[in-house]
Structure formats: structure tokens, C-alpha cells
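Breakdown of the fold
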Amino acid sequence: MLIDQYNQVKENVKKACERAGRDPRDVTIIAVSKTKPLEMIEELRKAKVKDFGENKVQELKEKYEKISWPVRWHLIGHLQTNKVKYIVDKVALIHSVDSVHLAKQIDKEAAKRQMKEVPVLIQVNFAHEDTKFGLAPEETENVIKEIAALEHVKIKGLMQIAPFVDDPEENRKYFRAMKQLSVDIKNKNFDNVDMSILSMGMTNDYEVAVEEGATMIRVGTGIFGERNYSI
């Protein structure tokens, strides 16, 4: 059963927290349901799992409209400005804001809907991978200062997609650097900026991410099994 696999991830998080002297309640597991049928999400939701992550706007929108139980949707994939209008009022958190331009579009769409705020994370690319989106660490602070001036966008923290590696230990340096960046930004006390969320770690490396301070982990394969990319 899916809930057994989810509970195994939960147990692994608990052990990682024990090793790091953290409270497991401070870590949110996001079940990454991209390409997975609605029935699987419903099954976990009935077992009181509430946080689900989607990569694509269209897929999130369709599931949002069809699901019978309310859930907290997280957009964890790259967001194009022309797609913001479809999900801005449907997600609990946008993890992947990587430019002032995108943040301004979110602000604009939120204002249209008279939304008080849209919680977002700023995506940082610590490994400087060309295949991944995200800000360079050295430009993050200036971008955050610009975005913080927007009325309806609320920065809640940072997000990182670390390299896919065989040995999770190889990513520890990126997770540690990410945590340090969040601490540095928090200490600047910027208005409208909250560094309470650190979204990092996926199926292959989430335990290391938790040891290094992740407050949200994004687990797909570890809960749902291998993905079907043909749909």
C-alpha cells in the first residue's frame, strides 16, 4: 500500500532528525504526484496525507479540479509567466520562483484576484547546473530584495534541486551551503522576507537534506514508485 511507503519515508525522516538533533515535526514530506493518477493521491489523502507536489501547471490544475478531498498543492516545477494565472489561486506554495519577472507576474495575478498574498520560495542553483533553473547563490540576495517590495508575493524561504548522484553524500555540501545562505538572509532582517522554509532533498538524498536542515522534502519515487513518462 502507498501509505506503507509514505510511512517508511516518515520513519527515515525521523531517524535523520534524531541524528541531527531535530524535531521530525519540523519536516514536511511533500508527496510528488506528477504523472500519477488521481486515485493514488486520493488513497494517500484518505490516510491523512495532505501535501502533494506537481511539476506541471496543467496537471496540477486538472487534479485540483477533480480531487474529492482538499489537499495542499505545491508547484515544484519551473513556472512560466504565461501559466501563472492558471494556478496562482490553487497552490499552497510555489517553490520555483527564479526571477523578479516571474514574481511580478505572480503579484499581478494575485492583485487581480484580490488575494492578500501568494507564498513563494526562491529557487537557488548551488551546483550551477545548466540543465536546472534557479538563481546563482551570489545573486540571490539582490533578487530577494527586489521581490520583497511586491505587495502580494510573500517569500517564505529557499528551494534547491541538487544534482542527481549515486552517493547522497555528494550533495551534502550543497545542502549545507543552502542552509547557510538561508541563515545569512534571515540575519539581514529584510522586510516581507521569511526564511522559515528550506525545500531540498528528493527520493535519493532526502535523509542527508534533513540532516542539513531541510524543512520540506519532495519525494516521488520513494512513495509512488517509478514514474510513467509516457502520459
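In this convention, every chain numbers its residues from 1, walking through the sequence in written order. Reporting in this predicted model follows two pLDDT cut-offs: at least 70 for local features of residues, and 80 or more for side-chain atom pairs to be given and counted; totals over whole chains, interfaces and linings ignore these cut-offs and use all residues. Excluding hydrogens and water, the side-chain values take into account all heavy atoms of the structure.

**So, the overall build of the protein chain**
Put simply, DSSP marks the helices as runs of H or I at least four residues long and the strands as runs of E at least two long, and each gets a number from the N terminus on. A count of helices and strands for the protein chain gives nine helices and eight strands. Across its three principal axes, the protein chain shows a C-alpha extent of roughly 45 × 40 × 30 Å. Counting all 231 residues of the protein chain, 53% fall into the buried class. Across the protein chain, the fraction of contacts at a sequence separation of at least 24, relative to all contacts at a separation of at least 6, is 60%. Per-residue accessibility takes into account occlusion by the displayed protein chains alone, with areas from the Shrake-Rupley method and a 1.4 Å probe. Of the roughly 11400 Å² of accessible surface on the protein chain, a fraction of 47% belongs to carbon and sulfur atoms. Here the term buried applies to any residue with accessible area under 20% of the maximum for its type, exposed to any over 50%, and partly exposed to those in between, with areas from a 1.4 Å probe on protein chains only. It only takes one pair of heavy atoms within 4.5 Å for two residues to be counted as in contact.

**Some thoughts on the packing of aromatic side chains**
Here a pair means two rings of Phe, Tyr or Trp (six-membered ring of Trp) with centres within 6.5 Å. Their orientation is stacked below 30 degrees between planes, edge-to-face above 60, and tilted elsewhere. Summed over all chains, the structure comprises one aromatic pair. Between Phe52 and Trp73, the aromatic rings sit 6.2 Å apart at their centres with planes inclined by 50 degrees, giving tilted as the arrangement. Within this pair, whereas Phe52 is found in strand E2 (residues 51-54), its partner Trp73 is found in strand E3 (residues 72-75), the two being separated by 21 residues in sequence. Overall, the relative accessible area of 0% leaves Phe52 in the buried class. Look at NZ for Lys and CZ for Arg. If either is within 6 Å of the ring centre and within 35 degrees of the ring normal, a charge sits over the ring. A cation sits over an aromatic face here: Lys90 above Tyr64, 5.6 Å from the ring centre.

**Quick look at the nonpolar core**
Residues Leu44, Ile94, Ile106, Ile147, Leu158 and Ile217 are the most contacted members of the largest nonpolar core, which totals 69 residues. The dominant element in this core, judged by the number of residues it contributes, is helix H1 (residues 2-20), at seven residues. Leave out the neighbours within four places in its chain, and Ile94 touches Leu75, Leu79, Ile87, Ile106, Val118, Pro119, Val120 and Leu121. Ranked by size, the runner-up nonpolar core spans six residues in total, among them Ile30, Leu121, Met159 and Ile197. Nonpolar cores are built from buried Ala, Val, Leu, Ile, Met, Phe, Trp, Tyr and Cys residues. Side-chain atoms within 4.5 Å join them into one set.

**What about the pattern of salt bridges?**
In the sections that follow, a salt bridge refers to a side-chain nitrogen of Lys or Arg positioned within 4 Å of a carboxyl oxygen of Asp or Glu. Per the counting criterion, the structure on display carries 17 salt bridges. Where Lys63 meets Glu54, a salt bridge forms, and the shortest distance between an N and an O atom there is 2.8 Å. Salt bridges sharing common partners tie together Arg19, Glu169, Arg172, Arg176, Glu207, Glu211 and Glu212.

**Thoughts on helix H6 (residues 137-147)**
Within H6, the full set of buried residues consists of Pro137, Thr140, Val143, Ile144 and Ile147. Down the axis, H6 shows its buried residues gathered within 105 degrees of arc, on one side only. Residues of H6 that are exposed and point more than 90 degrees away from the buried face comprise Glu138 and Asn142. Residues of H6 that are buried in the fold lie against strand E4 (93-97), helix H5 (100-112), strand E5 (118-123), strand E6 (153-159), helix H7 (172-187) and strand E7 (193-199). Regarding the arc, it is the one traced by the directions from the helix axis to the C-beta atoms.

**Notes on the side chain of Glu109**
When you line up the elements, Glu109 lands in helix H5. The contacts of Glu109, once residues within four sequence positions are left out, are Val84, Lys85 and Val88.

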